[in-house]
Structure formats: structure tokens, C-alpha cells
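Structural features, examined
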Amino acid sequence: MTGDSNRASLEPAAQTAPPRANAELIALAETLKELPLTDVEPVLGAPRWR
Amino acid sequence: MALSSDPASLTITEAHRELTTGRLSAVELTKAVLDRVEQLNGELNAYLHVAADAALAQARAADDARRDDDRPLLGIPLCVKDIIDVHGMPTTGGTAAVWTRQPERDATVVARLRAAGAVLIGKGHTNEFAYGADGGNPHWGDCRNPYDPARISGGSSSGPAVATATGMALGGIGTDTSGSVRIPATLCGLVGVRPTLGRVPRAGVIPLSWSYDAVGPLTRSVDDAAILLRVLIGADPADPVAADRPAPGFDPRIGALHGLRLGVVEQLVDVVEDYVADAMAGTVAHLSALGAETVPVHLDLLPHTRAMHFVVQQIEAAQAHAPWFDAHRPHYAAPVRERLEAGQDVPATAYLTAQQARRLFIDEVSRAMAGVDVLLAPTMPVVAPLRSDSDIEVRGAPLAPRQALLMCTLPMTQLGSPVATVPIGAHDGLPFGMQIVGRPFAEPLVLRVAAACEQRWPWPERRPAVG
């Protein structure tokens with residue numbers, strides 16, 4: 001391994017993270033937080049109706 | 001053969017009658033269906049794999065067994081969506097060939113079809129990994145609408161729909177996660193059923209989203225849907241979600257609807273094209289004339305269902321694909337790859353928020369259905385768009401195709417309860433349908449209402465010119 005390749009591996013990471021692919025989906029979930037979710041059990045598996 | 005028409009044009013119910021009376025053999029029927037495949041599949045692309053020799057062998061076995069055997073699917077040719085394992089055929093999932101698997105056993109639903117005597121013609125076209133609603137596929141070519149090949153077939157159960165509509169099969173088995181049975185059924189003039197989640201086992205089916213994936217039939221008639229459901233329904237130790245309930249009795253031909261209350265989801269009627277809304281009004285009037293009472297239903301949380309669905313589905317899809325995603329990443333088509341990447345590394349709190357919101361919506365629907373037997377809503381806002389359309393115009397507004405295709409089916413998908421789509425009209429020669437939504441395990445009632453709708457526009461009057 002040469003000194004140059006060592007130097008390249010030590011370059012600092014980019015200062016600004018690229019936009020996350022899941023940002024839009026997280027924002028979509030945020031819109032649901034306006035609903036009255038306190039004490040609401042999530043649906044997991046086949047939903048049961050009351 | 002004494003039949004005046006091509007046997008490939010028969011419903012399952014009609015074919016069963018002809019087979020049991022000896023006027024038609026399973027080999028004759030299967031050959032007629034394979035002739036249609038030969039004639040039409042090159043243009044419409046309904047099949048990704050055809051197993052003609054195996055199908056004819058199954059047909060011969062059905063004819064040999066006929067004497068003391070009246071199983072309802074004995075000798076009936078069917079198309080199975082290519083995300084469902086069929087032993088002896090490749091499962092491509094509609095993907096680039098590198099993913100393809102050779103299953104060592106049948107999916108539970110396929111084993112049940114075989115046990116009922118069905119003839120399996122081949123594997124039906126699908127969007128890549130069933131992750132799409134238009135019947136497009138860059139790896140295998142698009143599936144095309146039998147009423148106009150320039151238009152989309154709808155998907156992702158595109159192949160079973162087009163095969164069933166054109167006589168390349170007498171019925172199809174598809175899967176519905178966002179609307180993937182209901183949308184192609186509607187655009188191809190068919191009956192389609194998304195059963196109660198857990199009614200029909202999913203073992204041996206490539207998963208997309210565990211909260212939503214349902215296996216269901218696409219057929220030319222409501223009676224045919226009932227026949228297939230009877231075979232498909234039942235507990236399965238290989239599927240932890242499968243409900244331990246026996247298949248119910250189906251009698252879709254009970255004519256009168258006296259005593260039934262039908263709730264019309266007017267928010268969805270308001271967002272579809274006028275010709276769909278007008279046909280729904282005509283259908284509701286027909287149901288009223290049969291004795292049903294109709295009432296408007298408003299669901300406050302319905303506008304939130306899109307967010308619920310995409311959060312839950314995309315996270316689950318990313319997890320379902322995680323075992324092979326990195327290795328196969330370059331082979332995915334860009335839209336599917338991007339959706340899967342968007343579902344990765346999303347906080348669990350976002351997922352649980354969406355599942356809590358689903359609980360609120362299910363509770364709201366349950367309250368709204370107090371005293372209401374089924375809900376009615378359009379299946380699609382428009383007829384089949386052109387394959388070349390980059391946007392789909394709905395009531396004068398251009399919408400992204402995925403938004404337009406799914407806008408009426410996504411809300412009902414949240415419920416985990418049975419939904420049937422039944423054809424109710426046509427515009428410019430292109431069919432469209434209406435959804436009938438029941439409480440969990442109310443498939444017989446849903447089909448009874450569907451059969452009443454079907455009286456207005458039965459299969460022989462709506463089949464495409466090719467079928």
C-alpha cells in the first residue's frame with residue numbers, strides 16, 4: 001500500500017450528509033402525529049375489529 | 001363437442017357443468033385455453049411462463065378421474081401470479097432473471113388448487129415483486145389491456161387478470177397488498193376478491209407487506225369467485241396469520257336484499273369521474289330496488305389512510321427484501337429500488353405511529369358500520385389509462401399514476417376485512433368497477449351483494465372482443 005492511498009483513506013467525511021432516502025416517508029409519518037394516538041394500541045398482525 | 005361457443009370463453013361454473021355432463025373434456029378445454037395463449041400472449045403478455053405439457057397431463061388425469069369425481073375445479077385451467085410458488089415452474093417474481101427460484105414445493109394455495117383438480121396453465125405476469133399497480137415491467141415487458149392494448153392492464157396481478165379476461169385461463173389467483181387484485185380486475189372487467197387478512201394462507205408467496213398481503217381470486221363471475229374462495233380458504237400451520245376458521249357457505253344467488261343496509265362512502269364517490277359516479281348511482285338504485293336500504297357514510301380519518309399505508313408498506317417491504325437487497329440492488333428497476341431504499345432505516349416510532357393511526361381508522365369504520373352491513377365505494381376513479389400517460393387526469397387534475405390508481409383501494413386495504421370489486425359499467429368501451437367492503441370474515445355477504453350488482457352487467461355482455 002502506498003502513502004498516497006493511506007492519505008486518501010484519512011480524508012475527512014463530508015460535512016453535510018446527503019438527503020436521506022427515507023426523509024419523505026418520515027415526514028409522512030409525522031402528519032399522523034396530529035391524530036389522538038394516546039393510549040392507542042397499534043395494529044400488529046391481522047387486525048381485530050371491536 | 002356440442003358446445004356452440006369456444007370453451008375458453010366459459011365461466012368456471014359453466015365449464016364445470018359441461019365437464020360433469022360429458023359434453024366437454026378437460027383435455028378439450030385445456031387445448032382451447034392453450035390455443036388462446038398461442039394466439040394472444042405474444043401481444044398481451046399475460047404469462048411469464050407457460051407449462052403446456054404439464055397442463056395437458058393434468059387435464060388427462062382430470063378426465064381419467066371424472067367418473068366418480070365432481071370436485072368443482074376438476075379440469076379447470078387457471079393462471080397463478082408469478083410471486084406464488086408452483087412446484088415444477090420457476091418463480092421469477094417478475095424480476096430480472098438473477099433472482100428466480102425453483103420452488104421445491106407448492107404454495108399452500110397452489111396445493112389446494114391441485115387437490116381440487118385444477119389445471120395450472122402457467123405463471124402470470126406481475127409488476128416486479130408485485131410492487132406496482134399498473135402491470136408495467138421493464139424486465140419482461142408490460143402486460144396489456146385486452147380492451148385496448150395501448151392501455152395498462154392494471155397490476156400487480158396483471159397476468160391473472162388478462163388471462164382470465166381473454167380465455168387464456170378460466171380464472172386467476174393473484175395477491176392484493178394495495179389494490180393488486182382489485183385494480184387489474186376492474187380494468188379488465190372482472191370480479192376480484194381481497195379476502196379477510198388471514199382467510200387465505202400466504203405460505204409460499206413472496207412477501208411484500210405482512211400487514212396487507214392477501215391472496216385472492218380474479219374471475220369472470222361472482223359464482224366463480226365463490227368457487228375459488230371455497231378451495232383457498234382455511235387454516236395453515238405454515239402461515240402464522242392464517243385464521244383457524246372453516247370455509248363458510250357461499251350462496252351468492254340469494255336474490256333479494258331485504259333487510260340489508262348499504263353504506264355509500266361518498267368521499268370516494270366525490271373524487272371519481274362522473275361516469276363512475278353515475279354508474280355507482282345506478283347500481284345503488286338497483287340494489288335499493290332489490291330491497292336494500294342505502295345510507296351515506298362519512299369517515300373523518302379517510303384522508304390519512306394514504307400516509308398510514310405508505311409508511312407501513314414501505315417499511316415492511318424494505319424488511320422483506322433485506323435478505324437479498326444488497327446483492328440484487330443493481331438488478332431492480334429504479335422505481336422499485338427507490339421505494340425499497342426509502343423504507344430502510346426508518347425509526348420504529350414512525351412505523352408504530354402509522355399502525356396506531358390504522359387502529360383509529362379501523363375503529364372509526366367499525367363504528368360507522370354499526371347497523372350497516374357493507375360499504376360501497378368506487379374501485380378506480382377512471383378507466384384504464386394509456387400506457388404512455390405520464391400523469392392520469394382525474395376530474396381535470398393531473399395526478400401521478402400511483403396516486404390515481406390507488407386512491408380508492410388504499411383506504412379499504414387498512415381494514416383487513418374482505419373487499420370485492422365487481423364490474424358496474426364501461427366508458428368508451430373500457431370497464432370499471434365498484435368495491436363492496438364487509439366486516440372481517442363476511443365474504444359470503446360481500447359476494448351476495450356483488451352477485452346482485454352483477455345482474456345489471458353479466459360477463460357475456462362485458463367480455464373483451466378477444467375473449
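For the structure, check the block above.
Okay, so let's go over this structure. (Residues numbered from 1 in each chain as written. Chains lettered and ligands numbered in written order. Predicted model: local features only at pLDDT ≥ 70, side-chain atom pairs only at ≥ 80, totals over all residues. Heavy atoms only, no water.)

Moving on: the overall build of chain A. In terms of regular secondary structure, chain A is built from two helices and zero strands. The buried share among the 50 residues of chain A stands at 24%. Carbon and sulfur atoms provide 55% of the accessible area of chain A, an area that totals close to 4100 Å². (Helix = DSSP H or I, 4+ residues; strand = E, 2+ residues; numbered from the N terminus. Buried < 20%, exposed > 50% of the residue type's maximum accessible area, 1.4 Å probe, protein only. Areas by Shrake-Rupley, 256 points an atom, 1.4 Å probe, with all protein chains shown as cover.)

Further remarks concern the side chain of B:Gln267. Residues and elements named next belong to chain B. As for its placement among the helices and strands, Gln267 is situated in helix H8 (residues 266-269). Taking relative accessible area as the criterion, Gln267 reaches 17% and is therefore assigned buried. Engagement of the side chain of Gln267 in a polar contact is seen with the backbone oxygen of Leu299, the distance being 2.8 Å. In this structure, Gln267 is in contact with Val297, His298, Leu299, Leu302 and Pro303, ignoring residues within four places of it in sequence. (Polar contact = N/O pair within 3.5 Å; in protein donor to acceptor, adjacent residues only side chain to side chain. Contact = heavy atoms within 4.5 Å.)

Looking now at the packing of helix H9 (residues 274-289) of chain B against helix H15 (residues 443-454) of chain B. Helix-helix packing: each pair is described by the crossing angle between the helix axes and the interaxial distance. All names here are of chain B. Two numbers describe how H9 lies on H15: the axes approach to 9 Å, and their chain directions differ by 110 degrees. Overall, the two elements H9 and H15 adopt an arrangement that is roughly perpendicular. Facing H9, whose interface residues are Thr283, His286 and Leu287, H15 presents Val449, Ala452 and Cys453. (Axes fitted to C-alpha atoms, helices over the stretch in contact; angles between N-to-C directions. Parallel < 35°, antiparallel > 145°, perpendicular 65-115°, else oblique.)

Moving on, we get to the sheet that holds strand S3 (residues 119-124) of chain B. All names here are of chain B. In spatial order, the strands read S1-S3-S2-S6-S8-S7-S14-S15-S11-S9-S10; together these eleven strands make up an open sheet with mixed pairing. Across the chains shown, the open sheet's two edge strands, defined by having one partner strand only, are strand S1 (47-50) and strand S10 (293-297). Taken over all neighbouring pairs, the strand axes of this sheet differ in orientation by 30 degrees on average, direction set aside. With four bridges connecting them, strand S11 (residues 374-378) and strand S15 (residues 430-437) associate as antiparallel partners. From the neighbouring strand, Ala377 faces S15, where its bridge partner is Gln435. (Pairing = 2+ DSSP bridges.)

This paragraph deals with the packing of aromatic side chains. Within a pair of aromatic rings, the relevant descriptors are the distance that separates the centres and the angle that separates the planes. All names here are of chain B. Inspection of the entire model under this criterion finds six aromatic pairs over all chains. Plain terms: the ring middles of Trp99 and Phe129 are 5.1 Å apart, the flat faces sit at 85 degrees to each other, and that makes the pair edge-to-face. One end of the pair, Trp99, is in the loop between strand S2 (77-81) and helix H4 (108-115); the other, Phe129, is in the loop between S3 and strand S4 (144-145), and 30 residues separate them in sequence. Residues Trp99 and Phe129 agree in their burial class; the two are buried. Aromatic rings pair up to connect Trp99, Phe129, Trp324, Phe325 and Tyr332 into one cluster. The ring of Phe441 carries the charged tip of Arg245 above its face, separated from the ring centre by 3.8 Å. Lying across the ring of Tyr131, Arg339 places its NZ or CZ 5.0 Å from the centre. (Phe/Tyr/Trp six-rings, centres within 6.5 Å; stacked < 30°, edge-to-face > 60°. Lys NZ or Arg CZ within 6 Å of the ring centre and 35° of its normal.)

Residues and elements named next belong to chain B. Using the criterion set out here, one finds 16 salt bridges over all chains in the structure. Residues Arg114 and Asp106 are paired through a salt bridge, measuring 2.6 Å at the closest nitrogen-oxygen approach. For Asp142, the salt bridge goes to Arg387, with nearest N and O atoms at 3.0 Å. Taken as a pair, Asp142 in the loop between S3 and S4 and Arg387 in the loop between S11 and strand S12 (392-394) lie far apart in primary sequence, 245 residues in all. (Salt bridge = Lys/Arg side-chain N within 4 Å of Asp/Glu carboxyl O.)

Glancing now at the interface of chain B and chain A. At the interface, 40 residues of chain B touch 25 residues of chain A. Overall, the association of chain B and chain A removes approximately 2700 Å² of surface from exposure, summing both partners, and the carbon and sulfur fraction of that is 70%. Here chain B is connected to chain A by zero salt bridges. Viewed at the interface, chain A and chain B are joined by seven residue pairs in polar contact (both at pLDDT 80 or more). At the level of secondary structure, the elements contributing two or more residues to the side of chain B that touches chain A comprise helix H10 (305-328), helix H11 (334-342) and helix H12 (348-368) of chain B. Top contributing element to the side of chain B that touches chain A by residue count: H12(B), with 15 residues. Here the side of chain B that touches chain A is built from residues that sort into 22 nonpolar, eleven polar and seven charged. (Buried area = accessible area lost by both parts, 1.4 Å probe. Nonpolar A, V, L, I, M, F, W, Y, C, P; charged D, E, K, R; others polar.)

What follows is about the pairing of S2(B). Residue and element names in this part refer to chain B. When you tally the buried positions in S2, you get five out of five residues, the bulk of the element. By the alternation rule, side chains of S2 split into Pro77, Cys79 and Lys81 and Leu78 and Val80, which are all buried. Where S2 meets strand S6 (residues 171-176), three bridges bridge the pair, whose relative direction is parallel. In the sheet register, Val80 faces S6, and the bridge partner there is Ile173.

Quick look at the side chain of B:Asp85 now. Residues and elements named next belong to chain B. Here Asp85 shows up in the loop between S2 and H4. Looking at Asp85, the relative accessible area reads 8%, which means it is buried. Among the polar contacts made by the side chain of Asp85, one reaches the side chain of Thr91 at a distance of 2.7 Å. Beyond its immediate sequence surroundings of up to four residues, Asp85 is in contact with Thr91, Arg101, Pro103, Arg105, Asp106, Ala107, Val110 and Gly204.

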